[in-house]
Amino acid sequence: FDFLSGHLFLRNPFARCEQLAIGDYGIRLGQGLLISTGFNSGKSASVALIKQTGRTLFPQNGWQESRFFRGMAAEWKLSERIRFMGFASIRQRDGNAVLIDSTDGEIPLLVTSLQQSGLHRTEAEIADEGVFRESGGGGRLTWQGRRLTLGWNGIYFQYDPPYQSRLAPYNQFRFNGQTLHAVSLDYEANLFGGQLFGEVARSGNGGMAATSGWMFSPDKRLQISLLGRYFSKDYWTLWAAPFAESTLPINERGIYAGIEFKPLYGWRISGFVDLWSHPWLTFQSDSPVKGREHLLRVSYEKRRSWSVYVQFRHKERDINRPGDTPS
């Protein structure tokens, strides 16, 4: 094997410290605009999954070799309403590194892309193993009231050697350099008979991102979910994983509406409509594009012993014609 992972995770190890992690651990901040290393289901027939929930700090025990931190993290209860979580991490990561000739005779090293698979089978994959170091950390300060919860988040990471993606028209606004930092504010509120939630973030280069949703049930058999999102073309963090069409929250605007209805015992009708656009170029398209996705599912469950469903799903998006080479 070429990968080893382990952790020590303690609950209430001493006064006011609710959690302590040493080794490999995961972080989830707000709605994922800065960091979300846990499992995210994305769009599905369950309309409640548009909201990210779960612990802020948790042990790393998944199969992925890339989406975790290695170091130390702790969560403290400062008062009845205020909590603080801080973490620090340093680890070697896989990436594609190249040598750059310079006029002063030195040959600097740059990382042009990240490798997330964790596989080291071929000579190229073996050469990418652990080529650069990622060190840094961050924190989260949470205030929890009766109907409102606010979270202030911040991260800072340094990369050695520096990161320099291969320049192309579609990615000219993405992160390049040796340091990356970002801040965000997230919120949850019980308002208007439902739950309002969201997050607003700013990366170090001035890029902005925001997501906001509302889930409510006008009847015990009916649940409605709404969510809007905006990610500027120059917003950038390497650990983000919010609700989005794209893998990373970059260059996207969208609106989502979902519904779940239980007309009779055992029966469930659910579906969603998601409309989005990419105002700037993408890897698969040399022009701004729009897309849409629809889903409708009718299911029946027999006392949790068996279930059956019929589903229709349709997705449209603009991409280059087959044979075209993205710029």
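For the structure, see preceding data.
Residues numbered from 1 in each chain as written. Predicted model: local features only at pLDDT ≥ 70, side-chain atom pairs only at ≥ 80, totals over all residues. Heavy atoms only, no water.

Section: the overall build of the protein chain
Step number 1: Along its length, the protein chain carries one helix and 17 strands.
Step number 2: Relative to the globule expectation of 20 Å for 327 residues, the C-alpha radius of gyration of the protein chain, 22 Å, shows essentially globular dimensions.
Step number 3: Taking the principal axes of its C-alpha atoms as reference, the protein chain extends roughly 75 × 60 × 40 Å.
Step number 4: In the protein chain, which comprises 327 residues, the proportion classed as buried is 41%.
Step number 5: Intrachain contacts of the protein chain at a sequence separation of at least 6 include 56% that bridge at least 24 residues. (Helix = DSSP H or I, 4+ residues; strand = E, 2+ residues; numbered from the N terminus. Rg over C-alpha atoms; globule rule 2.2 N^0.38 Å. Buried < 20%, exposed > 50% of the residue type's maximum accessible area, 1.4 Å probe, protein only. Contact = heavy atoms within 4.5 Å.)

Overview of unusual backbone geometry
Step number 1: With an omega dihedral of 5 degrees, the bond running from aspartate 160 to proline 161 counts as a cis peptide bond.
Step number 2: The topology assignment puts proline 161 in strand E9 (residues 148-163).
Step number 3: Phi is positive for asparagine 12, which is not a glycine, with a value near 50 degrees.
Step number 4: Structurally, asparagine 12 can be placed in strand E1 (residues 7-14).
Step number 5: Non-glycine residue asparagine 251 carries a positive phi angle of around 55 degrees.
Step number 6: Locating asparagine 251 in the fold gives a position in the loop between strand E13 (222-231) and strand E14 (252-261).

Some remarks on empty space enclosed by the protein
Step number 1: Scanning the model with the defined rule gives one cavity of 30 Å³ or more in all.
Step number 2: What the largest cavity holds in volume is close to 30 Å³.
Step number 3: Taken together, Gln31, Ile50, Gln52, Phe197, Thr211, Leu227, Pro242 and Phe243 make up the full set of residues lining the largest cavity. (1 Å grid on protein atoms, 1.4 Å probe; cavity = no way out; pocket = protein on both sides within 12 Å on 5 of 7 lines; lining within 4 Å. Points joined across faces, edges and corners; volume = space filled by probe spheres on them.)

Regarding the pattern of salt bridges
Step number 1: A full pass over the atoms with the stated rule returns 18 salt bridges.
Step number 2: A salt bridge links lysine 43 to glutamate 245, with the shortest nitrogen-to-oxygen separation between them at 2.6 Å. Taken together, the residues lysine 43 in the loop between strand E2 (17-27) and strand E3 (57-59) and glutamate 245 in the loop between E13 and E14 connect sequence positions 202 residues apart. The same class applies to lysine 43 and to glutamate 245, which are both buried. (Salt bridge = Lys/Arg side-chain N within 4 Å of Asp/Glu carboxyl O.)

Some remarks on the side chain of asparagine 251
Step number 1: Look at asparagine 251 and you get buried, because its relative accessible area is 6%.
Step number 2: Reaching out from asparagine 251, the side chain makes a polar contact with the backbone nitrogen of tryptophan 280 at a distance of 2.7 Å.
Step number 3: Among the polar contacts made by the side chain of asparagine 251, one reaches the main-chain carbonyl oxygen of leucine 281 at a distance of 3.2 Å.
Step number 4: Among residues more than four places away in sequence, those in contact with asparagine 251 are Phe231, Ser232, Lys233, Ser277, His278, Pro279, Trp280, Leu281 and Thr282. (Polar contact = N/O pair within 3.5 Å; in protein donor to acceptor, adjacent residues only side chain to side chain.)

Points about the nonpolar core
Step number 1: Of all hydrophobic cores here, the largest spans 32 residues; its most connected members are Ile27, Ile35, Phe87 and Ile155.
Step number 2: At the level of elements, E2, strand E4 (69-77), strand E5 (82-93), strand E7 (109-114), E9 and strand E10 (177-191) are the ones that each hand at least two residues to this core.
Step number 3: Ranked by size, the runner-up nonpolar core spans ten residues in total, among them Ala45, Ile50, Phe197 and Phe243. (Core = buried A, V, L, I, M, F, W, Y, C linked by side-chain atoms within 4.5 Å.)

A few points about the environment of alanine 74
Step number 1: If you trace the backbone, alanine 74 turns up in strand E4.
Step number 2: As for alanine 74 and phenylalanine 9, which are separated by 65 residues in sequence, their C-alpha atoms are 9.7 Å apart.
Step number 3: Setting aside anything within four residues of it in sequence, one finds alanine 74 in contact with Cys17, Gln19, Leu20, Leu57, Phe84, Met85 and Gly86.

Considering the packing of aromatic side chains
Step number 1: All chains considered together, the criterion is met by 16 aromatic pairs.
Step number 2: Seen in terms of ring centroids, phenylalanine 14 and tryptophan 76 are 5.6 Å apart; in terms of plane orientation they differ by 50 degrees. Their pairing is tilted. One end of the pair, phenylalanine 14, is in strand E1; the other, tryptophan 76, is in strand E4, and 62 residues separate them in sequence.
Step number 3: Assessed through its relative accessible area of 44%, phenylalanine 14 is described here as partly exposed.
Step number 4: Relative to tryptophan 239, the ring of phenylalanine 69 lies with its centre 4.4 Å away and its plane at 45 degrees, an arrangement referred to as tilted. Of this pair, phenylalanine 69 sits in strand E4 while tryptophan 239 sits in the loop between E13 and E14, and the two are 170 residues apart along the sequence.
Step number 5: We classify phenylalanine 69 as buried; its relative accessible area is 0%.
Step number 6: Members of the aromatic cluster, each reached through a chain of ring pairs, are Tyr25, Phe69, Phe87, Phe157 and Trp239. (Phe/Tyr/Trp six-rings, centres within 6.5 Å; stacked < 30°, edge-to-face > 60°.)

What to know about a nonpolar patch on the surface
Step number 1: A contiguous nonpolar surface patch, about 840 Å² in accessible area, is contributed by Phe14, Trp76, Leu78, Ile82, Phe84, Leu141, Trp143, Leu148, Trp152 and Leu185.
Step number 2: Looking at the secondary structure, you find leucine 78 in the loop between E4 and E5. (Patch = residues over 30% accessible without salt bridge, like charges linked within 9 Å, V, L, I, M, F, W, Y side chains within 5 Å. Areas by Shrake-Rupley, 256 points an atom, 1.4 Å probe, with all protein chains shown as cover.)

Structural notes on the environment of proline 288
Step number 1: Summarising the element assignment, proline 288 is placed in the loop between strand E15 (267-278) and strand E16 (289-302).
Step number 2: Linking proline 288 and alanine 244, residues 44 residues apart in sequence, is a C-alpha distance of 17 Å.
Step number 3: When neighbours within four sequence positions are excluded, proline 288 is seen to be in contact with His278, Pro279, Trp280 and Leu281.

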